[in-house]
Amino acid sequence: FFRVAEGVDAIAHSLGRLWIRESGDIIDGDRRSSCTWGGNKDVKPLSGYYPSMSGKDLMEVDTKWNNLQNLKKLLNDGLITKSEYSVRRNQLIDELTGTSLTTLAASQYKRRRGSSASDNVSNLPAIIPKPPPDFINFPAEKSIKYIFDLKTRTWTQREVDLKLDTVPFSRGSLRVVYHMEMEETDKTKEEVPGEAKNRYVAKISMNPTDNKNAKVYFRDVETQTIAKYYAEKFNQYHPPKKVDFIKACVLELVEREGNPIVGVEKFIPGPYRKHNSNYGYVSDEERNTPQAFSHFSWEASDHTLLVCDIQGVGDLYTDPQIHHISGEGFGKGNLGMAGISKFLQKHRCNAICRYLKLPQLGNKVSDIGTIPTTRLMALNNIQIVTMVQQAGAQLHSQTAVLPVLKRQVVVDNTKEQTRCSRCTLI
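Residues numbered from 1 in each chain as written. Predicted model: local features only at pLDDT ≥ 70, side-chain atom pairs only at ≥ 80, totals over all residues. Heavy atoms only, no water.

Asker: Explain the nonpolar core here, please?
Answerer: Across soluble globular proteins, nonpolar side chains show a tendency to be buried alongside one another. Met180, Leu251, Val264, Phe293, Phe296 and Leu356 are the most contacted members of the largest nonpolar core, which has 62 residues in total. Tallying contributions element by element places helix α5 (residues 215–235) first for this core, with nine residues. Residues in contact with Leu356, not counting those within four places in the same chain, are Phe234, Tyr237, Phe296, Met377 and Ile382. (Core = buried A, V, L, I, M, F, W, Y, C linked by side-chain atoms within 4.5 Å. Buried < 20%, exposed > 50% of the residue type's maximum accessible area, 1.4 Å probe, protein only. Helix = DSSP H or I, 4+ residues; strand = E, 2+ residues; numbered from the N terminus. Contact = heavy atoms within 4.5 Å.)

Below, the structure written as structure tokens:
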């Protein structure tokens with residue numbers, strides 16, 4: 001591909017076949033009749049041709065171009081603001097043109113002789129999609145692992161050894177993601193199908209204020225734990241496909257400057273898919289199981305919360321969002337009734353919704369996709385989930401108990417700022 005001439009916000013891909021205007025529109029090089037040299041003002045000559053790219057590099061470029069197109073679609077659909085679009089678009093262009101890239105060692109995490117974690121959110125690390133590395137030659141470090149128990153609504157902790165990659169392999173709208181290896185002392189832990197033994201991912205917020213206020217990480221784990229509880233209830237009704245959420249935890253990297261906090265969960269190999277968002281987006285695939293599960297959570301909670309932003313590998317999900325009718329708690333993506341209403345407006349009931357005897361949303365039930373072997377379950381209706389209501393009440397209160405960390409944590413007890421969690425594919 002080509003490198004952009006200095007000061008020109010236009011890039012070319014695959015030897016000039018695709019272009020992007022200042023407006024963000026993507027142009028096919030074979031159809032740009034007015035986009036000639038010296039033609040349109042917003043498309044200008046490019047310099048710095050980079051020949052002989054490997055197949056892997058070309059695939060990475062293709063991925064970034066797909067992300068650019070998805071980004072434009074989200075803007076057109078009103079799912080992101082113009083400012084958010086501009087920031088993320090510039091990041092993708094920087095990656096495509098080889099500019100403004102840094103590494104974890106230089107910006108995100110430095111050892112005690114370096115700076116503290118995530119001091120500057122603008123210095124984001126370069127993303128290199130790759131499988132887990134061979135951690136044999138990586139240095140091990142001691143960390144504190146914090147685990148949340150939903151039944152008691154308490155946090156426990158223990159010391160673990162881990163090895164953390166230096167370069168992230170993925171990035172969402174809120175976090176960068178690193179491969180990690182961690183030795184578990186709990187040998188009785190039941191293995192989840194698809195999990196890679198001792199292989200994990202560490203999710204680190206791109207917002208420096210989140211790294212100063214550890215509450216964000218702990219609330220994310222509590223949210224995922226509650227979503228996992230609803231998944232267990234969903235499975236009790238024997239749907240065609242069972243769902244689950246990866247068990248998440250929090251790590252405090254006590255051997256690093258500032259004792260940075262990271263969110264951690266098992267690494268799940270396979271194609272990652274996003275099925276819906278926290279503001280009405282539904283994947284083009286519109287699979288029945290994840291959509292029915294979100295609908296189930298609304299009914300099973302007696303219309304108090306909705307589990308959405310469903311994404312993961314197969315039906316093993318991660319990074320959910322919970323909207324609560326109060327609009328409080330459950331992290332920055334809790335949009336309260338606004339997010340709930342958006343889901344209810346966009347949702348089309350399918351054969352699994354009908355099987356569970358959920359109140360029908362929309363004019364017609366879709367019979368496309370996964371269909372239960374029996375049209376309706378034997379039970380008259382689903383049962384209202386009760387135990388988790390008290391947990392939810394505590395999670396959205398201003399006095400929820402956090403574990404005591406090794407470092408001093410800044411805790412903001414004011415209402416958490418509402419912010420929409422965007423599509424993690426971009």
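Asker: I tried to follow the sheet that holds strand β14 (residues 311–313) on my own but got confused; where do I start?
Answerer: Two orientations exist for strands paired in a sheet by backbone hydrogen bonds: parallel and antiparallel. Strand order in this open sheet of four strands is β9-β15-β14-β12, and the pairing throughout is mixed. In this open sheet, the two strands that pair with only one neighbour each are β9 (244–245) and β12 (272–274). Bridge count for β9 against strand β15 (residues 316–318) is two bridges, and the pairing is parallel. From the neighbouring strand, Asp244 faces β15, where its bridge partner is Leu316. (Pairing = 2+ DSSP bridges.)

Asker: I keep staring at the packing of helix α6 (residues 288–300) against helix α7 (residues 336–346) and nothing clicks. Help me out?
Answerer: Close contact between α6 and α7 brings their axes to 11 Å; oriented N to C, the two are set at 130°. Judged by the angle between their axes, α6 and α7 are oblique. Note on packing geometry: the crossing formed by α6 with α7 is left-handed. Seen from α6, the contacting residues are Gln291, Ser294, His295 and Trp298; seen from α7, they are Ile340, Phe343 and Leu344. (Axes fitted to C-alpha atoms, helices over the stretch in contact; angles between N-to-C directions. Parallel < 35°, antiparallel > 145°, perpendicular 65-115°, else oblique. Left-handed = near helix turned anticlockwise from the far one by under 90°.)

Asker: Before we go on, may I ask you to explain empty space enclosed by the protein in this structure?
Answerer: The gaps of empty space that remain are located by a probe, the size of a water molecule, rolled over the atoms. This model, assessed by the stated rule, comprises five cavities of 30 Å³ or more. Of the voids in this model, the largest cavity is the one considered here, and its volume is about 120 Å³. Arg175, Lys203, Tyr217, Asp220, Val221, Gln224, Ala248, Cys249, Gly263, Val264, Glu265 and Asp319 together form the lining of the largest cavity. Of all the elements in the fold, those that place two or more residues in the lining of the largest cavity are α5, β10 (248–252) and β11 (261–266). Sorting elements by how many residues they give to the lining of the largest cavity places α5 first, with four residues. For the lining of the largest cavity, the per-class residue count stands at five nonpolar, two polar and five charged. (1 Å grid on protein atoms, 1.4 Å probe; cavity = no way out; pocket = protein on both sides within 12 Å on 5 of 7 lines; lining within 4 Å. Points joined across faces, edges and corners; volume = space filled by probe spheres on them. Nonpolar A, V, L, I, M, F, W, Y, C, P; charged D, E, K, R; others polar.)

Asker: Hey, could you run me through the pairing of β10 in this one?
Answerer: Side-chain direction in a regular strand flips from residue to residue, so the side chains alternate between the two faces of the sheet. Burial within β10 is extensive, with five of its five residues counted as buried. The two faces of β10 match: Ala248, Val250 and Glu252 on one face and Cys249 and Leu251 on the other face are all buried. Looking at chain direction, strand β4 (residues 141–149) and β10 are connected through three bridges and run antiparallel. Paired with Lys145 across the two strands is Leu251, which belongs to β10. Alignment of β10 against β11, held across five bridges, turns out to be antiparallel. What sits directly across from Cys249, in β11, is Val264.

Note that all results are geometric; they support no functional claim without further evidence.
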